[in-house]
Amino acid sequence: MTSAPSGARVRFAPSPTGMFHVGNARSLLYNWVLAKQSGGTLVLRVEDTDAERSKAEWVQGILDAMAWLGCGPDEYEGPLFQSAYVQHHRDAIGKLLAAGRAYYCDCAREQVVSRTGSEHRGYDGFCGDRGLGAAPGRAARFRTPDEGQTVVRDLVRGEPTFDNATIEDFVIARGDGSPVFLLANVVDDMVMGVTHVLRAEEHLSNTPKQQLLWQALGHEPPVWAHAPILVNEKRQKLSKRRDRVALEDFRAEGYLADAMRNYLMLLGWAPSGDREIVPWNDIVAEFRLTDVNPSPAFFDVKKLRAFNGEYIRALSVEDFISVCQPWLRGEFTPWQPEEYDEGAFAAVAPLAQTRVAVLGEIVAMVDFLFLPEPPADEAAWTKAMTGEARELLGEVVAAFEDITWEADSLKRTVEELGAARGLKLGKAQAPVRVAVTGRTVGLPLFESLEVLGRERTLSRLRAAITRLG
């Protein structure tokens, strides 16, 4: 197991153009862990040069997502903004042009296709020796070597090798003089002293071009590492248009940050032993880039959900009550704020904790406690209120009026009443559950009735009898 580099300076460089992708979250975590291991620095660079799509609220979204994952302002340098480094980008372009490592080009794409006879061929180098000067509409292209190979030393993928003859003379500045992302990305890393570039596999094809730029500008290239792409169940690369990929959505559903962090770190890497639920400190101690599997990693939402359930069950009851509060007191709860009862929730919290996989499920689990009437579910009503349901509920009401109001007594009573009608407990309690909670499944019924109280329970049972009558 190779040890972490000493004093690595890594960067996380998201674009503020949309929701925070889980792939970005995985890249952040890998870089953050590498910085922590090496006693180095994580730089947050916001790549905001796409002025039309970059928005301040997305920048805040990046900061909020990082903080939720545990990577707050004390954990990184920045945020630095790519737009503040435009002069550095222009200086680098000027240096390459002056050294003959770049040249101006006035070719339109149609002209290149006409010369090469193919829409799929890259640029043919036509302007390389024309000696064009700067002029409106002329792009600047980097002059790639015609011979030899560019070897990318990658901590995850070994040494991918690219024939220079297959790398076209690529654009580094557009016709209006603005630097392209490829050039800006390299220059930013140089100016910011980045020593290790750890990112997703989709950027690997750009790496030989960027390595050539590093060398042409007189700098030693960084250490590269390209983590595997994330794919869905069909082995397709995750798409924000098709798949659930926004970290904000998972957070809103009630996924815990610790669970998300643990799961994302395992997309491409495995800890020692037969473990999956791993404390963060153990992950920081054990993670090695050289152990990352380069094969595509399946982002399995079902498995993430199971992870989250494990983390929820591992909380203390007090912590579980605390993390549920946004769903119990938030503006979208189906009950009024004054209807929420802290004591009632505390009483059922241990029962609910073992039954929810995401915190958002807590609302449907306990809403019957706080709503004036049980939630309406016609399918549940139709399923449970059959046969002798009305007569059974009448007997339950009579028995419940003066019984000791404890879960065991309530259960024993319903069990006996059901047995007298040839019903097992599951069948006998079904109409009681639906009458009181509105649903066919939920928390243990008799513990729920004990918390709800005699008066409200009897009121709901009598309302059900009236409806059946």
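Residues numbered from 1 in each chain as written. Predicted model: local features only at pLDDT ≥ 70, side-chain atom pairs only at ≥ 80, totals over all residues. Heavy atoms only, no water.

### Let's talk about the overall build of the protein chain
Line of reasoning, step 1. The secondary structure content of the protein chain amounts to 19 helices and 12 strands.
Line of reasoning, step 2. Against the globule reference of 23 Å for 469 residues, the protein chain gives a C-alpha radius of gyration of 31 Å, more extended than a compact globule.
Line of reasoning, step 3. Judged by the C-alpha coordinates and their principal axes, the protein chain covers about 100 × 50 × 40 Å.
Line of reasoning, step 4. Looking at the protein chain alone, contacts between residues at least 24 apart form 74% of all its contacts between residues at least 6 apart.
Line of reasoning, step 5. Charged side chains in the protein chain number 53 positive and 65 negative. The centres of these two groups are separated by 4 Å. (Helix = DSSP H or I, 4+ residues; strand = E, 2+ residues; numbered from the N terminus. Rg over C-alpha atoms; globule rule 2.2 N^0.38 Å. Contact = heavy atoms within 4.5 Å. Lys, Arg positive; Asp, Glu negative; His and termini not counted. Charge placed at Lys NZ, Arg CZ, Asp CG, Glu CD.)

### Examining the sheet that holds strand S5 (residues 139–142)
Line of reasoning, step 1. Strand order in this open sheet of 3 strands is S4-S5-S8, and the pairing throughout is antiparallel. Single-partner strands in this sheet number two, and they are strand S4 (102–105) and strand S8 (171–173). Taking the axes of each pair of neighbouring strands and ignoring which way they run, one obtains an average angle of 45° across the sheet.
Line of reasoning, step 2. Relative to S8, S5 runs antiparallel, the two sharing 2 bridges. Its bridge partner being in S8, Ala140 is matched across the sheet by Ala173.
Line of reasoning, step 3. Along the sheet, helix H3 (residues 86–98) makes contact with S4, S5 and S8, crossing S4 at roughly 95°. (Pairing = 2+ DSSP bridges. Axes fitted to C-alpha atoms, helices over the stretch in contact; angles between N-to-C directions.)

### Topic: the pattern of salt bridges
Line of reasoning, step 1. According to the stated counting rule, one finds 26 salt bridges in the structure shown.
Line of reasoning, step 2. Residue Lys36 pairs with Glu75 through a salt bridge whose shortest N-O separation is 3.7 Å. Of this pair, Lys36 sits in helix H1 (residues 22–38) while Glu75 sits in the loop between helix H2 (56–68) and strand S3 (77–81), placing them 39 residues apart in sequence.
Line of reasoning, step 3. The class of Glu75 is partly exposed, set by a relative accessible area of 32%. (Salt bridge = Lys/Arg side-chain N within 4 Å of Asp/Glu carboxyl O. Buried < 20%, exposed > 50% of the residue type's maximum accessible area, 1.4 Å probe, protein only.)

Coordinates in, geometry out; function isn't part of it.
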